[in-house]
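Understanding the architecture of this molecule
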Amino acid sequence: MAKLIYVTNVSLDGYIEDDRGAIDWVPLGDEVFAFHTDLLRSVGTFLYGRRLYEAMAVWETDPALAAQSDLTADFANAWQAASKVVYSTSLAAASTADTRLERRFDPAAVRELKATASSDLTVGGANLAAQAFKAGLVDECQLMILPVVVGGGKPGLPTGMRADLELLDERRFPNGVVHLRYRTRGGQ
């Protein structure tokens, strides 16, 4: 069975975007960017909320991004190689290949997807991830902790619930970013 992995960048105080909805404080750097790319390569399917999908779709719809450097070309190739499932009630059509639209999050369908997938899946977008956590579907949580305190905004982890985690791995980057990889209790 494939794992469902929640991967996100968060500020030190736990937010994925600040109180203006901005993420312009995310200083990844080349080493962290390459690390993200390696993670994407191991994933067969991305589960996205609409906003995150629209932000990420540019890696396929805007060829100028991939043309910026070898690092961005590698990231674009890894992103395009995976299937995408986008959960949205408002998106009329997907702008990328190998992308399926779903109007609602169905935990049973995601369980089936995990059971039949040959590669791991990621879930992205805080609201969608919260639904997956609450349904008991998340096997791993991988956080890129950024060295900034934004003081408020959208929480990166679900609120109103408890999840016990076991630390599997950590990595520190020279720019102050820390990657933490956790298994959820009951996860694989």
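Coordinates for the structure precede this section.
These figures come from a predicted structure and were not determined experimentally.

Counting through the fold element by element, Thr 89 comes out in the loop between strand E4 (83–87) and strand E5 (99–102). Of the residues examined, Thr 89 reaches a relative accessible area of 70% and is grouped as exposed. Distance from Thr 89 to Ala 117, taken between C-alpha atoms, is 25 Å for residues 28 residues apart in sequence.

If you walk through the whole model with that rule in mind, you get 15 salt bridges. We note a salt bridge from Asp 120 to Lys 3, for which the minimum N-O separation is 3.8 Å. Residue Asp 120 is located in strand E6 (residues 120–124), and its partner Lys 3 is located in the segment before strand E1 (4–11); the two are separated by 117 residues in the primary sequence. In this structure, Asp 120 and Lys 3 share a single accessibility class: buried. Residues participating in the shared-partner salt-bridge network are Lys 3, Asp 120, Glu 140 and Arg 181.

Attention shifts here to unusual backbone geometry. At Asp 98, a residue that is not glycine, the phi angle is positive and equals roughly 50°. On the secondary structure map, Asp 98 appears in the loop between E4 and E5.

Another point: the sheet that holds E4. Strand order in the open sheet formed by eight strands is E5-E4-E3-E6-E1-E7-E10-E9, and the pairing between neighbours is mixed. At either end of the open sheet lies a strand with only one pairing partner, and these are E5 and strand E9 (165–172). Looking at each pair of strands side by side, their axes are set apart by 20° on average, direction ignored. The pairing of E1 with E6 spans three bridges and is parallel. The residue bridging Tyr 6 from the neighbouring strand is Val 123, located in E6.

Cut-off values and rules
Residues numbered from 1 in each chain as written. Predicted model: local features only at pLDDT ≥ 70, side-chain atom pairs only at ≥ 80, totals over all residues. Heavy atoms only, no water. Helix = DSSP H or I, 4+ residues; strand = E, 2+ residues; numbered from the N terminus. Buried < 20%, exposed > 50% of the residue type's maximum accessible area, 1.4 Å probe, protein only. Salt bridge = Lys/Arg side-chain N within 4 Å of Asp/Glu carboxyl O. Pairing = 2+ DSSP bridges. Axes fitted to C-alpha atoms, helices over the stretch in contact; angles between N-to-C directions.

These figures come from the coordinates and say nothing about function on their own.
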